[in-house]
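# Remarks on the overall topology
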Amino acid sequence: MTKKKAETKQGTILPPPEEVEETVKVNKPVKTPAVKPTEHPVEPSNKKIKYIIFGCGSLGYNILEELHEDDENVLLIDIDEKRLQDLRDHRHQVMAGDMLSDALYMKIPEPEAAFVVSTSKEANLSAVVHLHNKFPQCNIVARSIDPFSTEELADNGADVVLYPQTVFARSALNHMEVLRATRSAQKLHNLLSSWEGTLGIITHKNPDPDAISSAMALAAITEDATAGKLKCRILYEGNVGHQENRAFVNLFEIKMERLTPEILAECSHLALVDCGGPGINNDLPEDTPVDIIIDHHSQEGVARKITPAFVDIREEAGATASVLSQYIQELYITIDTKVATALFYGIRSDTKDFQRNIYPQDMHNAAYLLPFTDKALLELVMTPSISKETLDIMGRAIQNSVIKQGYLGSNVGYIRNRDALPQAAEMLLNLEGVNTAFVYGITDTAIVCSGRNRDVRLHLGDVMKEAFSSIPGASAGGHATMAALSIPLSTFTLAKDKEKLLDMVVDPIMKNLIRLLGLTKDEEENEPQKEIRA
């Protein structure tokens, strides 16, 4: 059974405040006001107050309730005497006045902040103009009556302008996303609690910190749901080659097993994390009976031959670790320091230090995890040594790079450590004039390519998927800014020389990629690379 959640005011966890967008205009030149304030000199009042609320309808009254301030700190102003009398009866401080009248602003105290929220477009504009001119230090939040008056209020002095209908719509969508996350977490927990035996948690091929930490988190959720009745085994294919990934596994003492047919047969249930299905960035047959799929990569064009009991694909998440972190919050599961640190690092790593494919919910989840992390362990993981092979591959990537209209391609030949390719692509993307970088090579089992992109017009994952989709057995795709390709060598059964095979295969592939990118041959430029000095 799912643990009972702590009650909040709305009955569930609220989304981070960053998700409720506001129209904010700061330090903009003030245009000629639509309503001209009094031209008579007015002696400034020495009296000050914390808040003034202009307009005491339902919105103004709700702001008053949310402030939780003493009555002497809030002044309510309205033209409706009956409404004011009701407020007086509740011992609130009120003032009758017409927001269109110059006289009103001659007698009010100086506010630290003002809420201008009447239902009159003209009255709200008048109040904003007078307040901005008489009390320039006052913070003004104004209500827009229609979408067209938002800019006018901001230009005339309002610091924040809110159109209630838009705020409500965004809030409703945010709450719907939270509700979806809550129910997904509960469904997963209930499903796991009904199982016994062994759960094989399979990462994508050559797992990274996002995939590994997600597997750790799913194992923690399973332990909470089943109290040990369902044992977990974290399984992987390929290699853990990147120096940070190796440091991650060693320092966190993560028990991972290489996936074999024998181990697969011993698992009564299977889960995939950070990959979209059997045969997608893994070597499982497409009809493998997987029970759980949790991922954040695009599923466009993916056709599964199976129907898992639980599927949660969130393309709006920057990392699968972020999705698992939200499950843990929704289920109120207590996790140990290693799992919290691993999840935080998984989010940080997959979003390139919170700079790439990052969403508000990712920041919220990372902030939740941060107090539970081991800072010393994080520092050790993030400063590993670099292998000589990785440096050699980076050197070859620089030497063999060819640039064409901001697109860089580099053939590094035979490699043992495929995790060096994304590192090389990241480095080459920093070269002046390069917007997109492709680094490709050949391993003992596949032709592999890693791409990095900062051209906002290009979705790299979609382009690579389209360019290589016609090749049997090819697996390609990713995000707008990062993508990968793998073509198994079994596709080319007659080839014996790997280096020649790479040249033979990559040439038509890159031509197809160049065609999709819209590049022409006469614009090609092979630029000599500058020597990189320490």
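Residues numbered from 1 in each chain as written. Predicted model: local features only at pLDDT ≥ 70, side-chain atom pairs only at ≥ 80, totals over all residues. Heavy atoms only, no water.

Strand order in the open sheet made by the six strands is S10-S9-S8-S11-S12-S13, with parallel pairing throughout. With one partner strand each, in any of the chains shown, strand S10 (256-258) and strand S13 (310-313) form the two edges of the open sheet. Strand after strand, the sheet turns through a mean of 25° between neighbouring axes, direction not considered. On top of the sheet, helix H6 (residues 164-193) reaches strand S8 (197-202), strand S9 (230-236), strand S12 (292-295) and S13; it is set at about 150° to S13, its chief contact. (Pairing = 2+ DSSP bridges. Helix = DSSP H or I, 4+ residues; strand = E, 2+ residues; numbered from the N terminus. Axes fitted to C-alpha atoms, helices over the stretch in contact; angles between N-to-C directions. Contact = heavy atoms within 4.5 Å.)

Another point: the side chain of Arg356. Relative to the assigned elements, Arg356 resides in the loop between helix H11 (337-350) and helix H12 (360-369). A polar contact is formed between the side chain of Arg356 and the side chain of Glu426, at a distance of 2.7 Å. Setting aside residues no more than four positions away along its own chain, Arg356 makes contact with Ser349, Asp350, Thr351, Glu426, Arg452, Thr481 and Met482. (Polar contact = N/O pair within 3.5 Å; in protein donor to acceptor, adjacent residues only side chain to side chain.)

Our focus in this paragraph is the pairing of S9. When S8 meets S9, the two strands line up parallel, connected through six bridges. Along S9, the bridge assignment pairs Gly200 with Arg233. Between the parallel elements S8 and S9, the chain passes through helix H7 (residues 209-226) in a crossover that is right-handed. The sheet contact formed by S9 and S10 spans three bridges and is parallel. Residue Leu235 lies in a different strand from S10, and its bridge partner there is Glu257. (Right-handed = clockwise from strand over helix to strand, strands pointing away.)

What follows deals with the environment of Ile140. Inspection of the secondary structure puts Ile140 in strand S6 (residues 139-143). Here the alpha-carbon distance between Ile140 and Asp159, two residues 19 residues apart in the chain, equals 5.3 Å.

This part is about the packing of helix H14 (residues 388-399) against helix H15 (residues 420-428). The contact between H14 and H15 brings their axes to 9 Å, and the two run at 45°. As the angle between them shows, H14 and H15 are arranged oblique. Where H14 crosses over H15, the handedness of that crossing is right-handed. Within the contact between the two elements, H14 uses Thr390, Ile393, Met394, Ala397 and Ile398 and H15 uses Ala420, Leu421, Gln423, Ala424, Met427 and Leu428. For the contact of H14 with H15, the per-class residue count stands at nine nonpolar, two polar and no charged. (Parallel < 35°, antiparallel > 145°, perpendicular 65-115°, else oblique. Left-handed = near helix turned anticlockwise from the far one by under 90°. Nonpolar A, V, L, I, M, F, W, Y, C, P; charged D, E, K, R; others polar.)

Attention now goes to the packing of H7 against H11. Helix-helix packing is characterised by the crossing angle of the two axes and by the distance between the axes. Close contact between H7 and H11 brings their axes to 8 Å; oriented N to C, the two are set at 150°. When the axes of H7 and H11 are compared, the pair comes out roughly antiparallel. Every pair of crossing elements has a handedness; the one defined by H7 and H11 is left-handed. Here Pro209, Asp210, Ser213, Ser214, Met216 and Ala217 of H7 lie close against H11, whose contacting residues are Lys338, Val339, Ala342, Leu343, Tyr345, Gly346, Ser349 and Asp350.

Okay, the confidence of the model for the protein next. When the pLDDT values of the protein are averaged, the result is 83; 82% of them are 70 or greater. Here strand S1 (residues 23-24) is the element of the protein with the lowest mean pLDDT, 40, and S6 is the one with the highest, 97. Ignoring residues within four places in sequence, the model shows residues 1-45, a span with pLDDT below 50, making 80 contacts including any to other chains. Across residues 521-534 the pLDDT falls below 50, and counting only partners more than four positions away or on other chains, this stretch makes 15 contacts in the model. (pLDDT = per-residue confidence, 0-100.)

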